Every structure is written in C-alpha cells, then in structure tokens.
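Residue-level structure breakdown
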Amino acid sequence: MKKIQVSPSILSADFSQLGTEIKRLEEGGADMVHVDVMDGHFVPNLTIGPPVIKELRKHCSLKFDVHLMISSVHKYIEAYADAGADIITIHPEATDNLIESIYKIKKLKKKVGVSLNPKTKVDVIKEYLNNIDLVLIMSVNPGFGGQKFMPEVLVKIQELKTIQKNHKLNFDIEIDGGINFENSKSVIEAGANIIVSGTTIFKSNNGDIKKNIKLLKSV
Ligand code: DX5
Ligand code: ZN
C-alpha cells in the first residue's frame, strides 16, 4: 500500500498572507501544496495564475500539486511548468486532445495528473492510464471550496484500483473536495493515497495544520 499523503489546498488559506500560509504548511508537515487554478470559464470562479505560483514556489520546498481548472488548458501547460509546478493536473473536458496534452506535460518533465469530475467516467481516461502519474477524483463539482463531499464517487476509486491491479499500473489516486475527519477514513479505505483538503486543514481546530493533517491521515 502507498503511503497516505495530504495535499492542503491553499484555496482556503488567507490570500493576503499566502507566503506565510505556505510556510505554515511546510512546518505543519504537509506532503505537498495543492494549488487550485480557476479561470472563471471552465469553472465559475477565478483564483491565481503563473506569476503568483512562481513567487510562492521560490519560498517553499514542498512539491506544488497544480490543479488546472481552465479552458483551452493545452496552451497554458508550459506557463505552469515554468512557474514551478511539480504535478500538473488537467481535466479531459478542457483539452481537444487529451493524449497530446499528457505528452506535453511529460515532455516538460512534470508529473501528469488527470482529473475526473463527479459525472466523468473512468472510461474517459482508461486507455491513457499507462501514461498518467496521478488520477484526481473530484468529490465535489469543481469551482469552490467548502462544498459537501459526494460519496458516490468512491466507486470510481475502486474501479481504478481494479485496473491498477489487472494491468500492474502504479499511478497515485488523489481525492479532492469536502474531505473532513468523518469521511477521510472511507476515502483511504477505498484506495485514495493523496488527500486534498482546504477547509478542514485551514479552518478546523483553529487552523492547527499539524493536528489536522494527522487527523486526516488516521484511519
Ligand atoms: C474545488 C477545488 C478543491 C477544493 C478543496 O474546485 O479543486 O481543491 O477547494 O477544498 P475543500 O476541502 O474545502 O472542499
Ligand atoms: Zn483542487
């Protein structure tokens, strides 16, 4: 079994203090930093882009797990790679040619993530799984933090575990949206090995990041 990792989403951090917030994640034992990039088009919300990521990256030794929720994603991949993303995750609906976008990320020597919205089926990425490092299962509709976890997506994790076993594949399974201390056990048991969390990490227990990471990992 893979080690369970927590990737805190800075979407719930204090945006006026991002540098300090990222330092707090480092000190609190985060395994990586989840950066939610939204364009107001692919999803109805706007966040940050390459210049901010680039500055934050300079002050942080954690891996940057960049989740791109942007349309026409293909043409922006390079900008995020240059800004310092270590993992670049894209949505199949945001590119005209998924395999080309996957190869582009690989060529830039970054880890390839592909994300499935709650309604998107595993079948959409099945034939590409041998070229994918990470599958990000959305357990809310992307766009906003603080939404309610959708347990019906857990079957997709089980489906992916079966494919992994049958084809001897080794991609990570990450889950994103509404994860809290009550449901983290179920996602880990289903087979997710990376947990994204915004609200729970930054707002629970008065923002005690170390404690919240530990609680999310405990099964
Ligand atoms: C939603 C984002 C998530 C989300 C996580 O579009 O991809 O990363 O903000 O935040 P919580 O944990 O608050 O659901
Ligand atoms: Zn995300």
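As a starting point, this report considers the structure included with it. (Residues numbered from 1 in each chain as written. Chains lettered and ligands numbered in written order. Predicted model: local features only at pLDDT ≥ 70, side-chain atom pairs only at ≥ 80, totals over all residues. Heavy atoms only, no water.)

On to the site of ligand 1, then. Contacts to ligand 1 come from 20 residues, most closely from Asp 36, Gly 143, Asp 176, Gly 178 and Thr 199. In the model, an oxygen atom of ligand 1 is placed 2.7 Å from a nitrogen or oxygen of the Asp 36 side chain. At 2.8 Å, a backbone N or O of Gly 146 approaches an oxygen atom of ligand 1. Relative to its unbound accessible surface of 380 Å², ligand 1 loses 99% to contact with the protein. (Near = heavy atom within 4 Å. Polar contact = N/O pair within 3.5 Å; in protein donor to acceptor, adjacent residues only side chain to side chain. Areas by Shrake-Rupley, 256 points an atom, 1.4 Å probe, with all protein chains shown as cover.)

Let us look at the pairing of strand S5 (residues 111-116). Most of S5 sits inside the fold, with 5 of its 6 residues counted as buried. With 4 bridges joining them, strand S4 (residues 87-90) and S5 adopt parallel strand pairing. Each bridged residue has a counterpart across the sheet, and for Thr 89 the counterpart in S5 is Gly 113. Of the crossover connections in this fold, the one passing from S4 over helix H4 (residues 98-107) to the parallel S5 is right-handed. Examined bridge by bridge, S5 and strand S6 (residues 134-138) share 4 bridges and lie parallel to one another. Bridging from a neighbouring strand, Ser 115 pairs with Leu 136 of S6. (Buried < 20%, exposed > 50% of the residue type's maximum accessible area, 1.4 Å probe, protein only. Helix = DSSP H or I, 4+ residues; strand = E, 2+ residues; numbered from the N terminus. Pairing = 2+ DSSP bridges. Right-handed = clockwise from strand over helix to strand, strands pointing away.)

Generally speaking, soluble globular proteins have nonpolar side chains that are buried together. Counting 62 residues, the largest nonpolar core has Ile 10 and Ile 175 as its most contacted members. If near-sequence neighbours (up to four positions away) are discounted, Ile 175 is found in contact with Leu 136, Ile 137, Ser 139, Phe 149, Val 153, Leu 154, Ile 157, Val 187, Ala 192, Ile 194, Ile 195 and Val 196. (Core = buried A, V, L, I, M, F, W, Y, C linked by side-chain atoms within 4.5 Å. Contact = heavy atoms within 4.5 Å.)

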